[in-house]
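Fold and contact review
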Amino acid sequence: ACQHRLWPEIDRISMEQLRYARLGVGEGGWQLFAEDGEMKMYKREEEVNGMVVDPLKACHMVRGVTGHEMCHYFFSPDVRMDWETTVEQMTVIETIAEDTLVFLQVHKRIWPASQRDSLFWSHMRQVPDHNDRDGHDIWIVCNHSTENPDFPSNNGKFVRVTLTVCLVCQTFIDPPKDGAQIVRDNITCKITYCSVVNPGGWAPASVLRAVYKREYPKFLKRFTAYVIDQCKEKPIMF
Ligand SMILES: CCCc1ccc(-c2ccc(S(=O)(=O)CCO)cc2)cc1[C@H]1C[C@H]1c1ccccn1
(Lines give C-alpha, C1' and ligand atoms only; values in the text may rest on other atoms or scores of the structure.)
Protein backbone atom coordinates (compact mmCIF):
# COMPACT_ATOMS: atom_id res chain seq x y z
CA ALA A 1 0.00 0.00 0.00
CA CYS A 2 2.83 2.36 0.79
CA GLN A 3 3.79 2.71 -2.87
CA HIS A 4 0.23 3.18 -4.17
CA ARG A 5 -0.41 6.62 -5.75
CA LEU A 6 -3.17 7.34 -3.20
CA TRP A 7 -1.06 6.43 -0.19
CA PRO A 8 0.13 9.98 0.71
CA GLU A 9 -3.50 11.24 0.64
CA ILE A 10 -4.77 8.20 2.59
CA ASP A 11 -2.12 8.71 5.27
CA ARG A 12 -2.68 12.49 5.53
CA ILE A 13 -6.50 12.42 5.59
CA SER A 14 -6.62 9.50 8.05
CA MET A 15 -4.38 11.32 10.53
CA GLU A 16 -6.23 14.63 10.00
CA GLN A 17 -9.54 12.88 10.73
CA LEU A 18 -8.10 11.26 13.86
CA ARG A 19 -7.15 14.70 15.20
CA TYR A 20 -10.54 16.15 14.15
CA ALA A 21 -12.43 13.32 15.87
CA ARG A 22 -10.53 13.84 19.11
CA LEU A 23 -11.39 17.54 19.29
CA GLY A 24 -14.15 18.09 21.84
CA VAL A 25 -17.57 19.40 20.96
CA GLY A 26 -17.21 22.28 23.43
CA GLU A 27 -16.13 24.74 20.77
CA GLY A 28 -16.86 25.10 17.10
CA GLY A 29 -20.62 25.59 17.14
CA TRP A 30 -21.67 21.97 17.61
CA GLN A 31 -25.32 21.52 18.57
CA LEU A 32 -26.61 18.36 20.26
CA PHE A 33 -29.48 17.04 18.12
CA ALA A 34 -29.97 13.48 19.30
CA GLU A 35 -29.31 11.54 22.48
CA ASP A 36 -29.96 7.88 23.29
CA GLY A 37 -28.39 6.44 26.42
CA GLU A 38 -24.63 6.84 26.03
CA MET A 39 -24.95 8.02 22.42
CA LYS A 40 -24.80 11.78 21.80
CA MET A 41 -25.06 13.22 18.28
CA TYR A 42 -23.95 16.71 17.35
CA LYS A 43 -24.17 18.62 14.12
CA ARG A 44 -23.16 21.97 12.66
CA GLU A 45 -25.48 23.55 10.12
CA GLU A 46 -23.39 24.38 7.04
CA GLU A 47 -24.26 24.93 3.38
CA VAL A 48 -21.94 24.90 0.37
CA ASN A 49 -23.39 26.50 -2.79
CA GLY A 50 -26.84 26.28 -1.21
CA MET A 51 -26.42 22.55 -0.46
CA VAL A 52 -26.68 21.16 3.07
CA VAL A 53 -23.34 19.64 4.11
CA ASP A 54 -23.96 19.57 7.88
CA PRO A 55 -20.91 18.04 9.59
CA LEU A 56 -21.90 15.39 12.12
CA LYS A 57 -20.06 14.13 15.20
CA ALA A 58 -21.39 11.26 17.31
CA CYS A 59 -19.92 10.08 20.61
CA HIS A 60 -20.87 6.74 22.09
CA MET A 61 -19.66 4.28 24.74
CA VAL A 62 -20.30 0.60 24.01
CA ARG A 63 -19.67 -2.11 26.62
CA GLY A 64 -18.53 -5.58 25.61
CA VAL A 65 -16.59 -4.93 22.39
CA THR A 66 -13.11 -3.60 21.57
CA GLY A 67 -12.18 -0.77 19.22
CA HIS A 68 -10.49 -3.30 16.98
CA GLU A 69 -13.74 -5.30 16.69
CA MET A 70 -15.82 -2.15 16.05
CA CYS A 71 -13.49 -1.02 13.26
CA HIS A 72 -13.16 -4.52 11.81
CA TYR A 73 -16.94 -4.78 11.21
CA PHE A 74 -17.24 -1.18 10.00
CA PHE A 75 -14.48 -1.75 7.44
CA SER A 76 -15.43 -5.25 6.27
CA PRO A 77 -17.17 -5.39 2.86
CA ASP A 78 -18.41 -8.92 3.62
CA VAL A 79 -20.80 -7.77 6.34
CA ARG A 80 -21.64 -4.25 5.14
CA MET A 81 -25.09 -5.11 3.82
CA ASP A 82 -25.94 -6.83 7.12
CA TRP A 83 -26.04 -3.51 8.99
CA GLU A 84 -26.00 -0.70 6.36
CA THR A 85 -29.70 -0.36 5.50
CA THR A 86 -29.37 2.85 3.47
CA VAL A 87 -27.22 1.25 0.76
CA GLU A 88 -28.77 -0.57 -2.21
CA GLN A 89 -25.56 -1.85 -3.87
CA MET A 90 -21.98 -2.09 -2.62
CA THR A 91 -18.93 -3.10 -4.67
CA VAL A 92 -15.23 -3.18 -3.85
CA ILE A 93 -13.72 -1.80 -7.06
CA GLU A 94 -10.08 -1.83 -5.93
CA THR A 95 -8.02 -3.57 -3.25
CA ILE A 96 -5.11 -1.25 -2.46
CA ALA A 97 -4.04 -3.35 0.53
CA GLU A 98 -5.73 -5.73 2.97
CA ASP A 99 -6.48 -2.68 5.16
CA THR A 100 -7.31 -0.30 2.29
CA LEU A 101 -10.17 -0.78 -0.19
CA VAL A 102 -12.07 1.38 -2.70
CA PHE A 103 -15.88 1.09 -2.48
CA LEU A 104 -18.59 2.06 -4.94
CA GLN A 105 -22.02 2.30 -3.21
CA VAL A 106 -25.47 3.14 -4.51
CA HIS A 107 -27.59 4.67 -1.76
CA LYS A 108 -31.32 4.33 -1.38
CA ARG A 109 -33.15 7.22 -2.98
CA ILE A 110 -34.30 10.03 -0.71
CA TRP A 111 -37.51 11.31 -2.27
CA PRO A 112 -37.88 13.82 -3.94
CA ALA A 113 -34.09 14.14 -4.47
CA SER A 114 -32.45 11.99 -7.15
CA GLN A 115 -30.62 8.80 -6.15
CA ARG A 116 -26.98 9.10 -5.03
CA ASP A 117 -23.87 6.99 -5.33
CA SER A 118 -20.54 7.27 -3.53
CA LEU A 119 -17.01 6.21 -4.47
CA PHE A 120 -14.47 6.28 -1.65
CA TRP A 121 -11.30 4.72 -0.33
CA SER A 122 -11.60 3.08 3.10
CA HIS A 123 -8.55 2.63 5.31
CA MET A 124 -8.29 0.91 8.69
CA ARG A 125 -5.33 1.24 11.02
CA GLN A 126 -4.26 0.95 14.63
CA VAL A 127 -2.70 4.09 16.09
CA PRO A 128 -0.54 3.67 19.19
CA ASP A 129 -1.95 6.15 21.67
CA HIS A 130 1.06 7.28 23.70
CA ASN A 131 -0.37 10.39 25.25
CA ASP A 132 -3.35 8.71 26.85
CA ARG A 133 -2.71 7.76 30.48
CA ASP A 134 -4.67 4.52 30.04
CA GLY A 135 -2.25 3.66 27.22
CA HIS A 136 -4.91 1.94 25.09
CA ASP A 137 -4.42 1.80 21.36
CA ILE A 138 -6.83 3.56 19.09
CA TRP A 139 -8.32 1.97 15.98
CA ILE A 140 -9.62 4.12 13.14
CA VAL A 141 -11.47 3.58 9.87
CA CYS A 142 -11.43 6.55 7.50
CA ASN A 143 -13.61 6.76 4.36
CA HIS A 144 -12.87 9.54 1.87
CA SER A 145 -14.23 10.18 -1.63
CA THR A 146 -11.94 9.49 -4.55
CA GLU A 147 -12.22 9.33 -8.33
CA ASN A 148 -11.79 6.42 -10.70
CA PRO A 149 -11.92 6.84 -14.49
CA ASP A 150 -13.68 3.48 -14.84
CA PHE A 151 -16.54 4.80 -12.68
CA PRO A 152 -17.09 8.43 -13.71
CA SER A 153 -19.31 10.57 -11.47
CA ASN A 154 -22.74 11.76 -12.58
CA ASN A 155 -22.75 9.39 -15.55
CA GLY A 156 -26.45 10.14 -15.97
CA LYS A 157 -27.79 7.56 -13.52
CA PHE A 158 -26.82 8.76 -10.02
CA VAL A 159 -25.64 12.00 -8.46
CA ARG A 160 -22.18 11.39 -6.92
CA VAL A 161 -21.88 12.51 -3.29
CA THR A 162 -18.53 13.46 -1.83
CA LEU A 163 -17.88 12.34 1.74
CA THR A 164 -15.33 12.11 4.51
CA VAL A 165 -16.18 9.76 7.37
CA CYS A 166 -14.14 8.48 10.25
CA LEU A 167 -14.82 5.98 13.00
CA VAL A 168 -12.34 6.37 15.87
CA CYS A 169 -12.48 3.75 18.63
CA GLN A 170 -10.59 3.49 21.91
CA THR A 171 -10.78 0.43 24.16
CA PHE A 172 -10.89 0.75 27.94
CA ILE A 173 -10.31 -2.29 30.14
CA ASP A 174 -11.56 -2.39 33.73
CA PRO A 175 -9.33 -5.26 34.89
CA PRO A 176 -11.15 -7.95 36.91
CA LYS A 177 -10.10 -8.52 40.51
CA ASP A 178 -7.45 -11.09 41.52
CA GLY A 179 -5.88 -11.26 38.05
CA ALA A 180 -8.83 -13.21 36.56
CA GLN A 181 -9.03 -13.43 32.76
CA ILE A 182 -10.50 -10.36 31.05
CA VAL A 183 -14.05 -11.00 29.84
CA ARG A 184 -16.31 -8.86 27.65
CA ASP A 185 -17.95 -7.30 30.68
CA ASN A 186 -14.59 -5.74 31.58
CA ILE A 187 -14.20 -3.86 28.27
CA THR A 188 -15.76 -0.66 26.98
CA CYS A 189 -15.25 0.98 23.60
CA LYS A 190 -15.34 4.79 23.27
CA ILE A 191 -16.54 5.62 19.76
CA THR A 192 -16.35 8.90 17.85
CA TYR A 193 -18.06 8.85 14.46
CA CYS A 194 -17.60 11.91 12.24
CA SER A 195 -19.13 12.46 8.81
CA VAL A 196 -19.40 15.23 6.24
CA VAL A 197 -21.48 14.32 3.19
CA ASN A 198 -21.83 16.77 0.31
CA PRO A 199 -24.95 15.68 -1.62
CA GLY A 200 -23.22 16.57 -4.87
CA GLY A 201 -26.23 18.25 -6.33
CA TRP A 202 -29.50 19.91 -5.40
CA ALA A 203 -31.52 18.35 -2.56
CA PRO A 204 -34.04 20.25 -0.46
CA ALA A 205 -32.37 21.42 2.78
CA SER A 206 -35.46 20.61 4.85
CA VAL A 207 -35.65 17.07 3.46
CA LEU A 208 -31.91 16.40 3.95
CA ARG A 209 -31.90 17.73 7.49
CA ALA A 210 -34.94 15.58 8.34
CA VAL A 211 -33.24 12.50 6.84
CA TYR A 212 -30.00 13.20 8.73
CA LYS A 213 -31.93 13.64 11.98
CA ARG A 214 -33.72 10.32 11.46
CA GLU A 215 -31.06 8.22 9.74
CA TYR A 216 -27.86 8.93 11.66
CA PRO A 217 -29.05 7.90 15.13
CA LYS A 218 -30.69 4.79 13.60
CA PHE A 219 -27.51 4.02 11.65
CA LEU A 220 -25.18 4.18 14.64
CA LYS A 221 -27.55 2.29 16.96
CA ARG A 222 -28.05 -0.46 14.41
CA PHE A 223 -24.33 -0.76 13.64
CA THR A 224 -23.22 -0.93 17.30
CA ALA A 225 -25.97 -3.46 18.13
CA TYR A 226 -24.80 -5.55 15.15
CA VAL A 227 -21.18 -5.60 16.39
CA ILE A 228 -22.21 -6.52 19.95
CA ASP A 229 -24.31 -9.39 18.58
CA GLN A 230 -21.55 -10.63 16.25
CA CYS A 231 -18.92 -10.57 19.00
CA LYS A 232 -20.73 -11.92 22.04
CA GLU A 233 -19.96 -15.61 21.43
CA LYS A 234 -16.49 -15.00 19.97
CA PRO A 235 -13.08 -14.65 21.68
CA ILE A 236 -12.15 -10.99 22.28
CA MET A 237 -10.17 -9.42 19.40
CA PHE A 238 -7.97 -6.80 21.16
C1 LIG B 1 -27.98 13.13 -0.19
C2 LIG B 1 -26.90 12.42 0.60
C3 LIG B 1 -27.34 10.97 0.85
C4 LIG B 1 -26.27 10.23 1.64
C5 LIG B 1 -25.31 9.49 0.94
C6 LIG B 1 -24.36 8.77 1.61
C7 LIG B 1 -24.35 8.75 3.00
C8 LIG B 1 -23.35 7.93 3.73
C9 LIG B 1 -22.25 7.37 3.09
C10 LIG B 1 -21.31 6.59 3.77
C11 LIG B 1 -21.48 6.35 5.12
S12 LIG B 1 -20.32 5.40 6.00
O13 LIG B 1 -20.40 5.80 7.38
O14 LIG B 1 -19.06 5.54 5.34
C15 LIG B 1 -20.79 3.69 5.98
C16 LIG B 1 -20.64 3.09 4.63
O17 LIG B 1 -21.86 3.19 3.94
C18 LIG B 1 -22.57 6.92 5.79
C19 LIG B 1 -23.50 7.68 5.10
C20 LIG B 1 -25.27 9.51 3.72
C21 LIG B 1 -26.24 10.27 3.04
C22 LIG B 1 -27.24 11.04 3.77
C23 LIG B 1 -28.64 10.63 3.61
C24 LIG B 1 -28.01 10.59 4.93
C25 LIG B 1 -27.76 9.34 5.62
C26 LIG B 1 -27.37 9.37 6.92
C27 LIG B 1 -27.13 8.17 7.54
C28 LIG B 1 -27.26 7.02 6.85
C29 LIG B 1 -27.62 7.06 5.52
N30 LIG B 1 -27.88 8.22 4.89
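Just so it is clear, the structure is predicted and the values come from calculations on it, not from any experiment.

Some remarks on the overall build of the chain
- Secondary structure summary: the chain contains 4 helices and 12 strands in total.
- The globule rule puts the C-alpha radius of gyration for 238 residues at 18 Å, and the 18 Å found for the chain is close to it.
- Structurally, the chain occupies a C-alpha span of about 65 × 40 × 35 Å along its principal axes.
- Burial statistics for the chain: of 238 residues in total, 53% are counted as buried.
- Of note, the chain has its 28 positive side-chain charges centred 5 Å away from the centre of its 32 negative side-chain charges.

Some points on the site of the ligand
- By nearness alone, 20 residues border the ligand, and Glu 84, Thr 86, Gln 105, Asn 143 and Tyr 193 come closest of all.
- Here an oxygen atom of the ligand and a side-chain polar atom of Glu 84 are 2.7 Å apart.
- Taking Asn 143, its side chain carries an N or O atom lying 2.9 Å from an oxygen atom of the ligand.
- Within the complex, 98% of the 620 Å² of free accessible area of the ligand lies under protein.
- If you list the elements that add at least two residues to the shell around the ligand, you get α3 (80-83), β7 (100-107), β11 (162-173) and α4 (205-231).

What to know about the packing of aromatic side chains
- Taken as a whole and judged by the stated rule, the model has 12 aromatic pairs.
- Taken together, a centroid distance of 6.0 Å and an interplanar angle of 80 degrees make the contact between Tyr 73 and Tyr 226 edge-to-face. One end of the pair, Tyr 73, is in helix α2 (residues 67-75); the other, Tyr 226, is in helix α4, and 153 residues separate them in sequence.
- Looking at Tyr 226, the relative accessible area reads 10%, which means it is buried.
- Taken together, Phe 74, Trp 83, Tyr 193, Tyr 212, Tyr 216, Phe 219 and Phe 223 form an aromatic cluster joined through their ring pairs.

Things to note about the pattern of salt bridges
- Summed over all chains, the structure comprises 14 salt bridges.
- Residues Glu 45 and Lys 43 are paired through a salt bridge, measuring 2.8 Å at the closest nitrogen-oxygen approach.
- Take Glu 45: its relative accessible area is 44%, and that puts it in the partly exposed class.
- Taking the shortest distance from any N to any O, the salt bridge between Asp 229 and Lys 232 comes out at 2.9 Å.
- With a relative accessible area of 41%, Asp 229 lands in the partly exposed category.

Observations concerning the pairing of β7
- Across the 8 residues that make up β7, a large majority, 8, are buried.
- Residues Thr 100, Val 102, Leu 104 and Val 106 of β7 are buried on one face, and the alternating residues Leu 101, Phe 103, Gln 105 and His 107, pointing to the opposite face, are buried as well.
- Alignment of strand β6 (residues 87-97) against β7, held across 8 bridges, turns out to be antiparallel. Bridge pairing in β7 places Glu 94 opposite Val 102.
- As paired elements, β7 and strand β8 (residues 116-127) share 7 bridges and run antiparallel to each other.

Brief notes about the nonpolar core
- The biggest cluster of nonpolar side chains holds 42 residues, and the ones touching the most others in it are Met 41, Met 70, Phe 74, Leu 167 and Tyr 193.
- The element best represented in this core is α4, accounting for 9 residues.
- Residues Ile 13, Ile 93, Val 102 and Leu 104 belong to the second largest nonpolar core, which totals 11 residues.

Topic: α4
- With 27 residues, α4 extends 38 Å from end C-alpha to end C-alpha; this agrees with the ideal 39 Å at 1.5 Å per step.
- At Glu 215, α4 shows its strongest bend, of approximately 25 degrees, with the proline Pro 217 following within four residues.

Overview of the packing of α2 against α4
- Running from amino to carboxyl end, α2 crosses α4 at an angle of 115 degrees, the nearest separation of the two axes being 10 Å. By the angle class used here, α2 and α4 are roughly perpendicular. In this structure, α2 crosses over α4, and the sense of that crossing is right-handed. Every residue of α4 that contacts α2 at Glu 69, Met 70, Tyr 73 and Phe 74 is listed here: Phe 219, Phe 223, Thr 224, Tyr 226, Val 227, Gln 230 and Cys 231.
- Of the residues contributing to the contact of α2 with α4, the split by class is 8 nonpolar, 2 polar and 1 charged.

Brief notes about the confidence of the model for the chain
- Per-residue confidence for the chain averages 94 on the pLDDT scale, and 97% of its residues sit at or above 70.
- On the interface metric, ipTM, the complex scores 0.93, and its pTM is 0.96.

Rules behind the numbers
Residues numbered from 1 in each chain as written. Predicted model: local features only at pLDDT ≥ 70, side-chain atom pairs only at ≥ 80, totals over all residues. Heavy atoms only, no water. Helix = DSSP H or I, 4+ residues; strand = E, 2+ residues; numbered from the N terminus. Rg over C-alpha atoms; globule rule 2.2 N^0.38 Å. Buried < 20%, exposed > 50% of the residue type's maximum accessible area, 1.4 Å probe, protein only. Lys, Arg positive; Asp, Glu negative; His and termini not counted. Charge placed at Lys NZ, Arg CZ, Asp CG, Glu CD. Near = heavy atom within 4 Å. Polar contact = N/O pair within 3.5 Å; in protein donor to acceptor, adjacent residues only side chain to side chain. Areas by Shrake-Rupley, 256 points an atom, 1.4 Å probe, with all protein chains shown as cover. Phe/Tyr/Trp six-rings, centres within 6.5 Å; stacked < 30°, edge-to-face > 60°. Salt bridge = Lys/Arg side-chain N within 4 Å of Asp/Glu carboxyl O. Pairing = 2+ DSSP bridges. Core = buried A, V, L, I, M, F, W, Y, C linked by side-chain atoms within 4.5 Å. Expected span 1.5 Å × (residues − 1). Bend = angle between axes of the 7 residues up to and from the residue. Axes fitted to C-alpha atoms, helices over the stretch in contact; angles between N-to-C directions. Parallel < 35°, antiparallel > 145°, perpendicular 65-115°, else oblique. Left-handed = near helix turned anticlockwise from the far one by under 90°. Contact = heavy atoms within 4.5 Å. Nonpolar A, V, L, I, M, F, W, Y, C, P; charged D, E, K, R; others polar. pLDDT = per-residue confidence, 0-100.

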